[in-house]
Amino acid sequence: MRISVEEWSPEYGGELDLGGPEELTAESVDTGVEGRAWGPVDPAASPALATRPLAFVDGTRRIDARLYLSLNGERPLPGIAASVGVGAVVCDAAPGGRDGRRGPRWWIPRRARVDAARVERILACGGGTEARLPASATLAYRSLPVPGQALEDMVLAVHNEMRSGEAALAQELAGGDHLVFVDGPLAVMRPGPQEIVGVIKAHHRRYLSGDDERVVSELGCGQRTPLFTFGGVRSRYSWYVRLCRPGGEAHGWHGIVRCESPAAIPVERVAVLADASAAALPAFASLPGWDPRAPQNLVPVAGLEKRLRHLLGERDLVLRMVRSAAHRANAGGLPAA
């Protein structure tokens, strides 16, 4: 028996929770789309991509306050005031050599900057209620009616708003010259052939089985699996990449991320994107002791998360401002909806 202690801090869950074979996803999976034998793949050089800047897109959300709205003495309706931040870190390339190759990697990071950071305040109210909160100019909440009345319904609605904001920003950047990596799956992306790669840190579903799945644990740092497809209406290409050396006592899936791209992209182009992810992403892997979700929480993403949390504002101050706004609304007899 081999025991591996996971490096992720327990409060973030785990990087691996695949369950048993009976928990394989019911989605149709095709592992033959790339037309190559299943085994670790060394990324091929792509000089055309080596000079393109990389954009890392992520978002964060926070519940600022829980609210209750009373309409004409009826039973109070639940709501939440939430803040959502979405942004991108752009990394310029410094390729080496005439063919863009320097050592084992053909893409070398040079400098990084926060290129976009957007904050939005959302007032999500249950029962499909349209509500407003007369806050200050620096703390304006837009109304988001939610059909359900459970807290989970409103939290999910805010989460979906964050995902939609990430998708919009990623598609905006992909329309330029950026090679875009989104922290998380691409389920809410607008269908189309955008060259966008989703990077999924933790593994809670099984897409492969048998010998195909064993290939994942055989990957070396900077290698990827062949492509496979899954999904129905929003089908996607996917592949696994290892970000670091496995280490002496690490389990076979340590440092593995799953990547995905829209199925509307030609498979030959997806293979180029997959090679790009395997060549570039290990350079951005975080280290234990610096990040509690190392190495999968990429350094640009971790820095962006910190910046966005700062832009959301200090939690206690925002809560006081929300309470003050509610007090002004009640004192002035302003309707809640």
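Asks: Before we go on, may I ask you to explain the pairing of strand β1 (residues 54–69) in this structure?
Replies: Counted residue by residue, β1 has twelve buried out of 16 residues, so it is predominantly covered. Across four bridges, the pairing between β1 and strand β5 (residues 179–183) is parallel. Residue phenylalanine 56 lies in a different strand from β5, and its bridge partner there is phenylalanine 181.

Asks: Looking at this structure, how should I read the state of the cysteines?
Replies: In protein structure, a disulfide is the covalent linkage between the sulfur atoms of two cysteines. Under the criterion given, the structure shown has zero disulfides. Left without a disulfide partner, cysteine 244 is nearest to the cysteine sulfur of cysteine 221, which lies 6.3 Å away. Of the residues examined, cysteine 244 reaches a relative accessible area of 17% and is grouped as buried.

Asks: Please clarify how helix α6 (residues 315–331) should be interpreted in this entry.
Replies: Side chains three or four residues apart in an α-helix point the same way, a direct result of the helix having 3.6 residues per turn. An ideal rise of 1.5 Å per residue puts 24 Å on 17 residues; α6 measures up with 24 Å between its terminal C-alpha atoms. Taken together, the buried positions of α6 are occupied by Val318, Val322, Ala325 and Ala329. One side of α6 carries all its buried residues, which in axial view fall inside an arc of 60°. In α6, the exposed positions that point more than 90 degrees away from the buried face belong to Arg320, Arg323, His327, Asn330 and Ala331.

The rules behind these values
- Residues numbered from 1 in each chain as written.
- Predicted model: local features only at pLDDT ≥ 70, side-chain atom pairs only at ≥ 80, totals over all residues.
- Heavy atoms only, no water.
- Buried < 20%, exposed > 50% of the residue type's maximum accessible area, 1.4 Å probe, protein only.
- Helix = DSSP H or I, 4+ residues; strand = E, 2+ residues; numbered from the N terminus.
- Pairing = 2+ DSSP bridges.
- Disulfide = S-S within 2.5 Å.
- Expected span 1.5 Å × (residues − 1).
- Arc of directions from axis to C-beta.

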